[in-house]
Amino acid sequence: MKQPQRGDEKANVLICALGTILIVSMIGGSVLLNCATRYNVASNQVRGWKEALNAAEGGGDIAYAQVRKTVMDPSNAFAGWTYSGGVYSDTPVTFGSTSTLTTSSAVDIFYYDTLNGNPWYRIRSKGTAPVRGLKRTGMDDRMLTGARGDSLLRKVDFNYDHFIAAYGPTGDGTNKTIVPVAQPQVTRRIEQICAPITPFEAAIKCIGTFYGLGDAALIDSFDSRNGAYYFAALSPNDPHYNDSRSGNVEINSAVATIRGWVYGDVATNGGTIVRSQYISGTIDNNVPFSVPPYYLPRNLPLPQPSPSAVTDAVTIIPPAPGTEANPTLYLLSSFSGQLTVNSFGSQKTFVALHVTGDVTGSIDITPLVKAKIFVDGSIDVKGRDIVNESGLAANLQYYMISPSDPTTRQHININPPGNFAAVFYGPSADLTINGNPDLKGAVVCKTFYANGTVGWHYDRELGLEGDAVDYRITSYVEDIR
Amino acid sequence: MKIAHSTHNRLGFTLVEMTVALAISSIVFVAAITASIGLQKSFNAIDNFFATHMQQIRIIDYLSRDVKRALIVTTSVDLQSVSITVPQYIIQAGDPEAVANPSLIGTPRTPTISYSRSGSQVNYGSSTSSVVYAISGQSILRTENGVVTTIASATDQLIPQWTDVDLANTEYTNTTVTFLPIFTSANTAAERTGTTVCATAYLRNRRRG
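Not measured: the values here are computed from a predicted model. (Residues numbered from 1 in each chain as written. Chains lettered and ligands numbered in written order. Predicted model: local features only at pLDDT ≥ 70, side-chain atom pairs only at ≥ 80, totals over all residues. Heavy atoms only, no water.)

Each helix and strand counted, chain A has 3 helices and 30 strands in total. C-alpha atoms of chain A, sized along the principal axes, occupy 135 × 55 × 45 Å. Taking contacts inside chain A between residues at least 6 apart in sequence as the whole, the part at least 24 apart equals 61%. On chain A, roughly 21,200 Å² of surface is accessible, and the fraction owed to carbon and sulfur atoms is 54%. In chain A, 38 side chains carry a positive charge and 43 a negative one; their mean positions are 13 Å apart. (Helix = DSSP H or I, 4+ residues; strand = E, 2+ residues; numbered from the N terminus. Contact = heavy atoms within 4.5 Å. Areas by Shrake-Rupley, 256 points an atom, 1.4 Å probe, with all protein chains shown as cover. Lys, Arg positive; Asp, Glu negative; His and termini not counted. Charge placed at Lys NZ, Arg CZ, Asp CG, Glu CD.)

As a further point, take empty space enclosed by the protein. Residue and element names in this part refer to chain A. With the rule as written, the count across this model stands at 6 cavities of 30 Å³ or more. Its volume calculated, the largest cavity comes out at about 100 Å³. Residue lining of the largest cavity: 14 residues in total, with Leu 153, Thr 187, Arg 188, Ile 480 and Arg 481 positioned closest to the centre. Where the lining of the largest cavity is concerned, the elements lending two or more residues are α3 (162-167), β7 (185-197) and β30 (470-479). A per-element tally of the lining of the largest cavity places β7 first, with 4 residues. For the lining of the largest cavity, the residue count by class is 5 nonpolar, 2 polar and 7 charged. Around the second largest cavity, the lining residues are Ser 221, Phe 222, Asp 223, Asn 226, Gly 227, Ala 228, Tyr 229, Tyr 230, Ala 232, His 240, Asp 243 and Ser 244. (1 Å grid on protein atoms, 1.4 Å probe; cavity = no way out; pocket = protein on both sides within 12 Å on 5 of 7 lines; lining within 4 Å. Points joined across faces, edges and corners; volume = space filled by probe spheres on them. Nonpolar A, V, L, I, M, F, W, Y, C, P; charged D, E, K, R; others polar.)

Our next topic: the pattern of salt bridges. Residue and element names in this part refer to chain B. By the definition in use, this model includes 24 salt bridges over all chains. When the shortest N-O distance is used, the salt bridge between Arg 142 and Glu 144 registers 2.9 Å. Within this structure, Arg 65, Asp 66, Arg 69, Arg 142 and Glu 144 form a network of salt bridges that share partners. (Salt bridge = Lys/Arg side-chain N within 4 Å of Asp/Glu carboxyl O.)

This brings us to the interface of chain A and chain B. Contact with chain A, which involves 55 residues of that partner, is made by 45 residues of chain B. Interface area, chain A with chain B, both sides summed: about 4,200 Å², of which 58% is carbon and sulfur. Across the contact surface, chain A and chain B share 3 salt bridges. The partner of Arg204(B) in a salt bridge is Glu57(A), with the nearest N and O atoms 2.6 Å apart. Between chain A and chain B we count 10 residue pairs in polar contact (both at pLDDT 80 or more) in total. Looking at the side of chain A that touches chain B, the elements that each hand over two or more residues are α1 (7-72), β4 (101-112), β5 (119-130), α2 (150-153), β7 and β30 of chain A. The biggest single contributor to the side of chain A that touches chain B is α1(A), with 14 residues. Partitioning the side of chain A that touches chain B into residue classes produces 23 nonpolar, 11 polar and 21 charged. (Buried area = accessible area lost by both parts, 1.4 Å probe. Polar contact = N/O pair within 3.5 Å; in protein donor to acceptor, adjacent residues only side chain to side chain.)

All names here are of chain B. Pairing of strand β2 (residues 81-87) with strand β5 (residues 128-136) involves 7 bridges; the strand directions are antiparallel. Looking at β5, one finds that Ser 83 is bridged to Val 132. Relative to strand β6 (residues 139-144), β5 is paired through 6 bridges, and the arrangement is antiparallel. Bridge pairing in β6 places Val 132 opposite Thr 143. (Pairing = 2+ DSSP bridges.)

Residue and element names in this part refer to chain A. Sheet architecture is open: 4 strands sit in the order β17-β19-β21-β24, paired in parallel fashion. A strand with exactly one partner marks an edge of an open sheet, and here the two such strands are β17 (313-316) and β24 (386-388). The average angle at which neighbouring strand axes cross in this sheet is 10 degrees, direction not considered. Sheet topology places β17 next to strand β19 (residues 338-341); 4 bridges connect them, and they run parallel. For Ile 316, the partnering residue across the bridge sits in β19 and is Val 341. (Axes fitted to C-alpha atoms, helices over the stretch in contact; angles between N-to-C directions.)

This brings us to the packing of aromatic side chains. All names here are of chain A. Throughout the structure, instances matching the rule amount to 28 aromatic pairs over all chains. Centroid distance Tyr 398 to Phe 424: 4.8 Å. Interplanar angle 10 degrees. Geometry classified as stacked. Taken together, the positions of Tyr 398 in strand β25 (residues 396-400) and Phe 424 in strand β27 (residues 420-433) put the pair 26 residues apart, joining distant regions of the chain. Chaining the aromatic ring pairs together yields one cluster made of Phe 78, Trp 81, Tyr 83, Tyr 88, Tyr 121 and Tyr 471. Of note, Arg 189 hangs over the ring of Phe 163, and the distance from its end group to the ring centre comes to 3.8 Å. (Phe/Tyr/Trp six-rings, centres within 6.5 Å; stacked < 30°, edge-to-face > 60°. Lys NZ or Arg CZ within 6 Å of the ring centre and 35° of its normal.)

If you want it as structure tokens, here you go:
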């Protein structure tokens, strides 16, 4: 008869095996638990937190593109956006490799520049990214007693949107409500400020070929905020010396013949400066830039009923002083006569003229008037036809509206005699200055030609003047609540 | 009787058998205990390593968030602390707006624009907020306007170092965080170097200092 052998020994082995399995299982379970926590934090929460910022900044970029369109493509700016209460809002955009990131933005004008009337835009963007994995809080418990780290940094919404519940949808404390979230998520909010870029950052900015200004000519600068112009560029001890050497010339072409003295910097795009001893500042031949076409601003008011043309002597007295952002507008079909613009009483008066044809007539603006002239055609005048009684170039600004057909030529011809103070912005216009005028101002043009003994004095105040030609992000802040 | 005889043959082990069995069992037991302890220590070290690594990431994430929205970043000479000036985006109690209208406390502030010879500038209120990161014992502290938060702490010598580099109108901050793992060989410097986590963050605003 066979009987079981050593049954008690088998039991011992079983106990040992179970004990070992228990120990290994406990270690394995502990490893798994901790790995899951690490993975949850490192791979899911950290990733979600970073992706939420990427989404928010992506939304900011989308909104920024719309802000830039307000000057570069006004008719399509904020197309498809909702406008309510002074705020443009877009519908949430979904993107990312798995289309799980969402962003939305709100844009409003919060300020009009007191110097040039341009709007400043505020962009508030929100980006949301999902947090995958387990609904677990961070690793605050792994720090020493009393420490809090993750829960203050990466605010994960596991069940409800904490921001809307605590601060409201716009963060101003109104309309607070409990909003469930479909899945755990992280939302980050940023605010960016778009500042207008004004056009006259250099004395002369030329997109194409450049020739000028004549062997005995000079380009220098001054600051009308510090007093009237006088030549100080060769007097280092003069208090206005530092203002006198900003007569910068920027040329986006290698075809550049620079003549005369330049008390400022010169930049070309691949050119070679052979008369560098006549240039006081820095020479850089590797500075490409672009200037977009110019379009009529979108925020102009309705025009006055008259006059509708200037074919002989016309005097305008605006019905109100207006503001930089809201000038009195006149729509002129032709401008071949003599126009005088008076101020509204003794107040600073802001006027805008939109000339749908060419400008061949003369203009006289009295000292308290600041005028912007938008020209659809070309300009052919003498220097003496540009009478700016204040002597401040910022008070008389010409803007050449770019033709819809890029092959259409547009020009600004200024002939002798006469000196003047004005600025010209014509990225699609060929500029020609004949004779020997003494002028205060700045120009942006397509091509430049001047062959006389021109005295060109750039007013540094112009750096803050003029209609916006682009926008830049000038402030960034995150709402970290 | 056959059965009795058979039972008699199974009465027990010899002394030699017992000794050998005991020796082998002891060896196996000691090996198992040693392996368990080693495994536990190894797990503990790895667990601690990654827990501290997560704190490295947290320090960097905190700092990057603050640097991006900063106006000024200044590091100390010993690179052990960094001071950051950030816009005061949210209206706080005691601010002029809050004094005039207490309901504005906790709401975003509308910025104002000021002009200087270097151009225009966006301001959130008349003052700014101060954020300081510093080491205190085994902890890394973040102090914003006097409110202290321990953002990281560990017993394995967590050390962040900050440097800031000024550029024409911006600056960036390099952050390097190291620690000394529990398991180290004789070359502790190399062990610390092996834990290095670094990151660079740029100011999104124009530098003001």
